[in-house]
There are 2 protein chains.
Amino acid sequence: MIDANNDKKPLEPSSPIQQITYLLRKYKLLEGLVNLQDQQDQSHTESLVQKRNLEEIQTYLNQLHPADIAHILEALPLDDRLLIWSLVKSEHDGEVLLETSDAVRATLITEMGNQELVAATEYLDTDEIADLVPDLPQDVIADVFRSLPIEEREQLRAAMSYPEDSVGALMDFDVITIREDVRLEVVLRYLRRLEELPDHTDQLFVVDRNEQLKGVLLINRLLVSDPDTIVADAMTKEMIKLHPGDVAQQAANAFERYDLVSASVVDDTDKLLGRVTVNTVIDFIREKAGNEALNLAGLSEEEDIFAPILKSVKNRWGWLAINLVTAFIASRVIGLFEDSIEKLVALAALMPIVAGIGGNSGNQTITMIVRALALDQINTSNAWKLLTKEMGVSLVNGLVWGSIIGAFTFVIYQNAELGLIMTMAMILNLLLAALLGVLIPLTLRKLGRDPALGSSVMITAVTDSGGFFIFLGLATIFLL
Amino acid sequence: MIDANNDKKPLEPSSPIQQITYLLRKYKLLEGLVNLQDQQDQSHTESLVQKRNLEEIQTYLNQLHPADIAHILEALPLDDRLLIWSLVKSEHDGEVLLETSDAVRATLITEMGNQELVAATEYLDTDEIADLVPDLPQDVIADVFRSLPIEEREQLRAAMSYPEDSVGALMDFDVITIREDVRLEVVLRYLRRLEELPDHTDQLFVVDRNEQLKGVLLINRLLVSDPDTIVADAMTKEMIKLHPGDVAQQAANAFERYDLVSASVVDDTDKLLGRVTVNTVIDFIREKAGNEALNLAGLSEEEDIFAPILKSVKNRWGWLAINLVTAFIASRVIGLFEDSIEKLVALAALMPIVAGIGGNSGNQTITMIVRALALDQINTSNAWKLLTKEMGVSLVNGLVWGSIIGAFTFVIYQNAELGLIMTMAMILNLLLAALLGVLIPLTLRKLGRDPALGSSVMITAVTDSGGFFIFLGLATIFLL
C-alpha cells in the first residue's frame, strides 16, 4: 500500500496550539465525511465519531494551564475560537478571560450569557475581578457585586477605583500579616495551619494593631533563623513601600532595579493595603512594551488578529487620518514650487531623498530621547548637552551622506550646482531633524503627555515638509 | 534682606540622581571659587572645603543600591560620570558594572586598570562574571580565570559557552538541592545551617545521587506541610524544565505564562545544571523590548546618550546607508517618469501622498504580524486567513481615504481624471502594502531571521518605490 502522506512532514503536536489545530482539523474532516454520508443514505445518522472527537478535544483542553488555553483562543479564527471556548469548563472561564488580550476577551464575552459571566467570576480574587470589570456588561457587574461577601465587595470597589497604569491597579490583597512581638516558632506554626500560602509569598508583612506596616519578614530569613528569635529582630525595616496612586511604571522600575518578588502597598498613614507581585509587573511591562510598538506604528490598541475587517479599520483610522493631513501639508509645500519643478524636473526625483533620510535620522534621535526619558536619564542640566551632541551627529551625517548624494546627483544629472544644493539641503534637513527630535519629546513630557505617543508621526511630518521646503527653496533661489 | 533665590523653586533632592547632580554642582561652584581666590592671592591654598564636598558625595554614593549608582552614571555626561565612578568603592564596582547598559559599561571599563577590573569580579558569582566577560580586555579575562577556584572556573567556562539569547546565558548556579527520601524536618534543619538562602529561592531542587532532577519542593509547600512528611510526598513532579540551549525568549514566555519565580535548567539526561530566576527574565524582557524599538528606528544597538559624536554616528550608520539606497531607488523610479512630470507638474506634488500613506499602512500591518509571530499566534493554517483580512482592511481604507484624496485633488487642480487616478493609486498601493506587510515578516521567519529586524525599512522601501511607480505609471497611461 502506498502511503499518500508519504511526502508530507508528520504533524508534530508538540505545542498545545498545534495539538488543538490538529484535533480541530480532524473534527472538521469528520464533519465533512458525515455530511457526505448523510447526503448518500439520507438517514441523518447521529455522528458518534464526531462527538467522541469533541470529547477528546475537551479532555485535552481542560488539563491545560488557563494561560495556554488563552493562547490557543487568541491564535484561532473567530468561528474555531468560539467552538473551542464552548468546550472550556466553566470553572476555568474566569482565569482564561484574565489571560487573554483585551480584544480577544471582548469576542469571548459577547458569546457568554449573563449567568455564565457571573459564574466565571466566582473562582477569581477580587483584584482579578476588577481587571475584568471594564469589559463586563453593566448588569453583570451589579450581579457580581451582589454575589460577593461585604468585605470583598469593599475590596472590589477599592480595586476598581484606581486608574489604569497606577500601582493600585496592579495590587492584590493576598497578604499574610504577623505581629512583631512573637517568636519565629509561632510564625512557623501559624503558617502550617494555613492550607497553602498565596503565590509569590516571599515575605510576611509585620503590622501593628492598626494595620500599620512596621517591617517585613523575608521567608528566606525565616527559614535560616533560630526559631526562638523574635520577629522584630529578624524583620527588615528597609523595604519598598508603594502607594496605590503611584504610577505603575515606577513600581515596575523598582521591581527591575531591586530584583523584587513582591512589594507592599501602603496608604499615606503607612497602613498596609495590599501588595504587588512580580508576575503582575511582568504582564505590565510586556503590555506596555507592546503598546509602545503599536502606537509607534499608528495602531490605537492591541488588535485581535482575526478581528472583523471594519473593526480593524477603526483601530487604524486615527493615525492614518493624521498621516493624511501631514501628507496634504507636504503636498502643498511642493505645490508652492511647481514653477521651479516645471523648469527643472530633476527636482521632483531628488526631493524624496532629502525628506526620507531626514525622517529616518529624526526617528533615530527621537527613539533615543524617548528611551532616555523613560529611563529617567534626562534632566534640565544635561538636556542642552544632549541637543548639541545630536546636532553634531547630524552635522557629520549631513556632511558625509550629503556629499555622497551630491556626487550621485552630479553623476546622474551632470549638474554641479544641483549636487551642491542636494548636499546643503541634506545637512540642513538633518539638523532640523536633530533639533526637533530632541525638542518634540522633551516638550511633550513638559506638557505632561506621553513623549512616545505620536512623536514619530510628528518628526516625519516636519522632516517631510521641511525637507521639501529646504530643498526646493534652495534650488529656486540659487538655480533658477 | 532679600532672598535672591526667592523666585526659584527649591531643589528637592528626592531622587538619587537629583541629589548627586546637586552635590556635583556645588562641588563645581566651589572649584570655581577656589580658582578665583587662587588667582587673587597667588597662594594656591589647599581646598579643604572641596575635599569635604567630595567626601560628602562619596558617603552618599556608597550607601546607594548598585542599580541606583548605575542609573546615576548613565545619566551623567562623560566627565562627571568618570568623576563619580572614581568615588565608588571598589567592592561595589562589579555589581555596578553589571547593572549599567553595555555602552556605558564600556566607558567605565576603559577607565579602569587591569588590577581594578580583576578585583571588581571578586565579589561576583560566576554567572555574573560571564555577563561581564565580553566587555573585558583579553588579559584581564585570563587573570580572572586564574583567580578562581577550579569548580568556579568550570562554571565560568560553561556560562561563557552559551550563546547570547539562550537560556544558558540567563542561568545561574545558586541552586539548593535535597534528596527525596528525607523528612521535611531534616530539610528545615539543613536550611537553618545555611547562613542565608540565595535570592529568589522559591523552590528546592530534589535530585538523586547522579544530580538528576526528580522534582521540586516549593518553599510555600515546605512551610505549610507537616515536618514529618517525606520530601518525595511533598514535592511536585510537574515543573518547568529548561535546557541551556533553548531560546531565551521561550523561557521568558514560560515565566510570563506560568507566573514563575525560578525554573530549573537541566541537560538532556535531566541532570540539574542551574536555574533561571525572574529578575534575570525581567532584565531580558526589558532589553529585548528596548532593542526592538531601537532596531525599528534604525539604531544598531543601545547608545550611551553621552557617547562621543563619532561613536553615535557609527551606531546609526548602517540603517541610514540602507535607507539611502532605497531612497536612491525611489528617486530613480521617479526619474523614469520625468517626461510625465514635466507635462503635468501636479504629479510631483501628489506622489508623496500615495507613497507616505502606503508606508504608514504597511507599517501598521507589519507591526501586527510581527507581534502575532512573537506571541506564536500565526501558523500555516491561519496565515491565509490573515492575508485576506489585511487585504480587506486595505481595500476599505483605500476606498475611503482614496476617495477623500481624490476629491481633494479635484478641488485643488480642477482635474477629475487626476483625482480618479489618485484614488486608484491609493487603493493599489495600500493593497501592495498589505500583501508585503504580511509576506515580509512571514518570509523572514521562514528563513530563520528575526521578523522584526528591518521589516519596517523594507516595507517603506516597497511602498515608496511602488507608490511612485503605480501613481506615475497610471498617470502616464491614462492622462498623458
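The numbering scheme is per chain: residues are counted from 1 as the chain's sequence reads. To read the labels, note that chains go from A and ligands from 1, taken in the order they are written. The predicted nature of this model means local features are confined to residues of pLDDT at least 70 and side-chain atom pairs, given and counted, to a pLDDT of 80 or more, with totals for whole chains, interfaces and linings taken over all residues.

Participant: How should the overall build of chain A be read in this particular structure?
Facilitator: Strands here are runs of E lasting at least two residues and helices are runs of H or I lasting at least four, both read from the DSSP assignment and numbered beginning at the N terminus. If you tally the helices and strands in chain A, you get 22 helices and six strands. As a reference, a globule follows 2.2 Å times the number of residues to the power 0.38, and the radius of gyration itself is taken over C-alpha atoms. The C-alpha atoms of chain A give a radius of gyration of 31 Å, which is well past the 23 Å a tight globule of 480 residues would have. Taken over the C-alpha atoms alone, chain A extends approximately 90 × 80 × 50 Å along its principal axes. Our exposure labels follow a C-beta count within 10 Å of each residue's own C-beta, placed from the backbone: buried means 20 or more other C-beta atoms, exposed means 12 or fewer, and partly exposed covers the counts in between. Of all 480 residues assigned to chain A, the portion counted as buried reaches 43%. A sequence separation of at least 24 residues applies to 69% of the contacts in chain A between residues at least 6 apart. By definition, residue pairs are in contact when their C-beta atoms, positioned from the backbone, come within 7 Å.

Participant: It is not clear to me how the packing of helix H17 (residues 309-336) of chain A against helix H20 (residues 380-413) of chain B should be interpreted in this structure. Could you clarify?
Facilitator: Fitted lines through C-alpha atoms give the axes, limited to the stretch in contact for helices. The angle between two N-to-C directions lies from 0 to 180 degrees. Here H17 of chain A crosses H20 of chain B at 35 degrees, and the two axes come no closer than 10 Å. Taken as a pair, H17 of chain A and H20 of chain B cross one another with a handedness that is right-handed. Between H17 of chain A and H20 of chain B, the contacting residues are Ile309, Ser312, Val313, Leu320, Leu324 and Phe328 of chain A on the first element and Lys389, Gly392, Val393, Val396, Asn397, Trp401 and Phe408 of chain B on the second. Here a crossing is called left-handed whenever its near helix is offset anticlockwise from the far helix by less than a right angle, and right-handed whenever the offset is clockwise.

Participant: What should I look at first to understand unusual backbone geometry in this one?
Facilitator: Residue and element names in this part refer to chain A. A positive phi angle is found at Asp165, which is not glycine, with a value near 65 degrees. Exposure remark for Asp165: the 14 C-beta atoms within 10 Å place this residue in the partly exposed category. Although it is not a glycine, Glu211 adopts a positive phi angle of roughly 70 degrees. Of note, Glu211 is situated in the loop between strand E2 (203-207) and strand E3 (213-218).

Participant: For this particular structure, what's the right way to read the environment of Met112 of chain A?
Facilitator: With respect to the helices and strands, the residue Met112 of chain A is situated in the loop between helix H6 (102-109) and helix H7 (114-121). In the structure, Met112 of chain A is positioned ten residues away from Glu122 of chain A in sequence and 15 Å away in space, judged by C-alpha atoms.

Participant: Would you mind showing me how to read the sheet that holds E3 of chain A here?
Facilitator: For sheets, the rule is that strands pair by backbone hydrogen bonds, running either parallel or antiparallel. A pair of strands counts as paired when DSSP detects no fewer than two bridges linking them. Read from one edge to the other, the open sheet built from three strands follows the order E1-E2-E3 (chain A), with strand pairing classed as mixed. Two strands close off the open sheet at either side, each with one partner strand: strand E1 (177-178) and E3 of chain A.

Participant: Help me out: how do you make sense of the relation of the copies chain A and chain B in this one?
Facilitator: Relating one copy of the chain to the other takes a rotation about an axis and a shift parallel to that axis. When the copies are superposed, the least-squares fit draws on C-alpha atoms of residues that have pLDDT of at least 70 in both. Rotating chain A by 180 degrees and moving it 0.0 Å along the rotation axis overlays it on chain B with an RMSD of 0.1 Å. Those values place the two copies in the arrangement expected of a two-fold rotation axis. Both copies share a contact surface, since 99% of the interface residues of chain A are interface residues in chain B too.

Participant: Even after reading the chapter, I still don't get the environment of Arg221 of chain B, so can you show me in this structure?
Facilitator: All names here are of chain B. Structurally, the position occupied by Arg221 is in helix H13 (residues 219-224). The exposure class assigned to Arg221 is partly exposed, which follows from the 18 C-beta atoms found within 10 Å. Separated by 209 residues in sequence, Arg221 and Leu430 place their C-alpha atoms 57 Å apart.

Participant: Looking at this structure, I do not really get the interface of chain A and chain B. What am I missing?
Facilitator: As a measure of interface size, the accessible area lost when the parts come together is often cited. Across the contact, 93 residues belong to chain A and 92 residues belong to chain B. Of all the elements, helix H19 (residues 346-374) of chain A adds the most residues to the side of chain A that touches chain B, at 15 residues. Gly counts as polar in this scheme, as do all residues outside two lists: the nonpolar Ala, Val, Leu, Ile, Met, Phe, Trp, Tyr, Cys and Pro, and the charged Asp, Glu, Lys and Arg. Taken together, the residues of the side of chain A that touches chain B sort by class into 47 nonpolar, 24 polar and 22 charged.

Participant: Teacher, can you tell me more about the pairing of strand E6 (residues 272-277) of chain A here?
Facilitator: With six of six residues buried, E6 of chain A is to be regarded as a mostly interior element. Turn length for the strand E5 (residues 262-266) of chain A-E6 of chain A hairpin, with the two strands adjacent in sequence and antiparallel, is five residues, and the turn residue Asp270 of chain A shows positive phi of about 70 degrees.

Participant: How do you make sense of the domain arrangement of chain A when you look at a structure like this?
Facilitator: Segment limits for the domains were obtained from an automatic or database-derived domain assignment. Taken domain by domain, chain A consists of domain 1 (16-161), domain 2 (177-297) and domain 3 (309-478). One C-alpha centre belongs to domain 2 of chain A, the other to domain 3 of chain A, and the line joining them spans 48 Å.

Participant: Please explain the pairing of E2 of chain A as it appears in this structure.
Facilitator: Regular strands place their side chains on alternate faces of the sheet. Residue and element names in this part refer to chain A. The element E2 is largely enclosed, with a buried count of five among its five residues. Residue alternation in E2 divides its side chains into two sets, Gln203, Phe205 and Val207 and Leu204 and Val206, and both sets are buried. Relative to E2, E1 is paired through two bridges, and the arrangement is parallel. If you follow Thr177 over to E2, its bridge partner there is Phe205. Handedness of a crossover is defined as follows: orient the strands so they point away from the viewer, and if the path from the first strand over the helix to the second runs clockwise, the crossover is right-handed. Once the chain exits E1 it traverses helix H12 (residues 184-193) before rejoining the sheet at E2, and the crossover so formed is right-handed. The hairpin formed by E2 and E3 contains five residues between the paired strands, and Glu211 there has a positive phi angle of roughly 70 degrees.

Participant: Explain the sheet that holds strand E5 (residues 262-266) of chain B to me, please; I cannot follow it from the model alone.
Facilitator: Residue and element names in this part refer to chain B. Reading across the sheet, the three strands line up as E4-E5-E6 and stay open at both edges, with mixed pairing between neighbours. Every other strand in the sheet has two partners, leaving strand E4 (241-242) and strand E6 (272-277) as the edge strands with one partner each. Where E4 meets E5, two bridges bridge the pair, whose relative direction is parallel. Across the sheet, Lys241 pairs through a bridge with Ser264, a residue of E5. This element, helix H16 (residues 278-296), spans E5 and E6 of the sheet and lies at about 60 degrees to E6.

Participant: Just to check I follow, could you spell out the packing of H19 of chain A against helix H22 (residues 455-478) of chain A for this structure?
Facilitator: All names here are of chain A. Packing of H19 against H22 brings their axes to within 8 Å, and their N-to-C directions diverge by 145 degrees. Where H19 crosses over H22, the handedness of that crossing is right-handed. Across from Leu347, Met351, Val354, Ala355, Gly358, Gly359, Gly362, Asn363, Ile366 and Val370 in H19, the residues of H22 making contact are Ser455, Ser456, Ile459, Thr460, Thr463, Asp464, Gly466, Gly467, Phe468, Phe471, Leu472 and Ala475.

Participant: How do you make sense of the confidence of the model for chain A when you look at a structure like this?
Facilitator: On average, chain A scores 88 in pLDDT, and the residues at 70 or more come to 95%. At the level of chain-chain contacts, confidence expressed as ipTM amounts to 0.81, with global pTM at 0.82. One confidence number per residue, pLDDT, is output by the predictor and ranges from 0 to 100.

Participant: Is there a simple way to think about helix H5 (residues 90-99) of chain A in this case?
Facilitator: Within H5 of chain A the residues assigned to the buried category are Asp93, Gly94, Val96, Leu97 and Glu99 of chain A. Turning to H5 of chain A, the residues buried within the fold contact helix H3 (66-74), H6, H7 and helix H8 (126-132) of chain A.

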